[in-house]
Amino acid sequence: MEDKRFVSKGIKPHNVSIENREKMNITGVLNVISFDEESVIMETEMGILTVRGQGLHINKLNLDEGQVSLDGEIVNLNYSEKGGIVSKSGGFISRMFR
């Protein structure tokens, strides 16, 4: 059941569920920014979510409903603020000084 506080503002509820560090379900996803076998970076209702691991694979992607399911070895989850510049290689500043 959706939380009425979010629905009235047009925001989808954001939930993260992890099973045995191998399967992950995320709701409230707005966009997948990038993905490979070691990281999945997505924009959610609560900010930018970076999932790091090994052998990561997206099983389900439904942006109309805001749902992503992935599997693999999940090692780390990290949130950053919305609107920030995201790079798999260390951020905007580090790219400028290469």
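Scroll up a little and you will see the structure.
Residues numbered from 1 in each chain as written. Predicted model: local features only at pLDDT ≥ 70, side-chain atom pairs only at ≥ 80, totals over all residues. Heavy atoms only, no water.

A closer look at the sheet that holds strand β5 (residues 47-62)
Stage number 1. Pairing within the open sheet is antiparallel, and its 6 strands lie in the order β1-β2-β6-β5-β4-β3. The outermost strands of the open sheet, each flanked by one partner alone, are β1 (15-19) and β3 (29-35). With direction set aside, neighbouring strand axes in the sheet form an average angle of 35°.
Stage number 2. Note: β1 against strand β2 (residues 23-27), 5 bridges, orientation antiparallel. Bridge pairing links Ser-17 to Asn-25 in β2. (Pairing = 2+ DSSP bridges. Helix = DSSP H or I, 4+ residues; strand = E, 2+ residues; numbered from the N terminus. Axes fitted to C-alpha atoms, helices over the stretch in contact; angles between N-to-C directions.)

Some points on the nonpolar core
Stage number 1. Judged by nonpolar contacts, the single largest core of 13 residues is most densely connected at Met-24, Ile-26, Val-40, Met-42, Val-51, Val-68 and Leu-70.
Stage number 2. For this core, the secondary-structure elements that each account for two or more residues are β2, β3, β4 (39-44), β5 and β6 (67-80).
Stage number 3. Tallying contributions element by element places β5 first for this core, with 4 residues.
Stage number 4. Apart from the residues within four sequence positions on either side, Met-24 is in contact with Val-16, Ser-17, Ile-18, Leu-49, Val-51, Val-68, Ser-69, Leu-70, Ile-74 and Leu-77. (Core = buried A, V, L, I, M, F, W, Y, C linked by side-chain atoms within 4.5 Å. Buried < 20%, exposed > 50% of the residue type's maximum accessible area, 1.4 Å probe, protein only. Contact = heavy atoms within 4.5 Å.)

Describing the pairing of β2
Stage number 1. Only one face of β2 is buried, namely the one carrying Met-24 and Ile-26, since none of Lys-23, Asn-25 and Thr-27 on the opposite face is buried.
Stage number 2. In this antiparallel pair of consecutive strands, β1 and β2, the connection spans 3 residues, and Asn-20 shows a positive phi of 55°.
Stage number 3. In the sheet, β2 pairs with β6 via 5 bridges, with the strands oriented antiparallel. Bridged to Met-24 within β6 is Leu-70.

Thoughts on the pairing of β5
Stage number 1. In this sheet, β5 lies alongside β4 in antiparallel orientation, the contact comprising 6 bridges. Directly across from Ser-39, in β5, lies its bridge partner Arg-52.
Stage number 2. Linking two consecutive strands that pair antiparallel, namely β4 and β5, is a turn of 2 residues.
Stage number 3. Across 12 bridges, β5 lies against β6 in antiparallel orientation. When the bridges of β6 are listed, Thr-50 appears paired with Asn-78.
Stage number 4. Hairpin connection, β5 to β6: the antiparallel pair is bridged by 4 residues, and Gly-66 has positive phi, about 75°.

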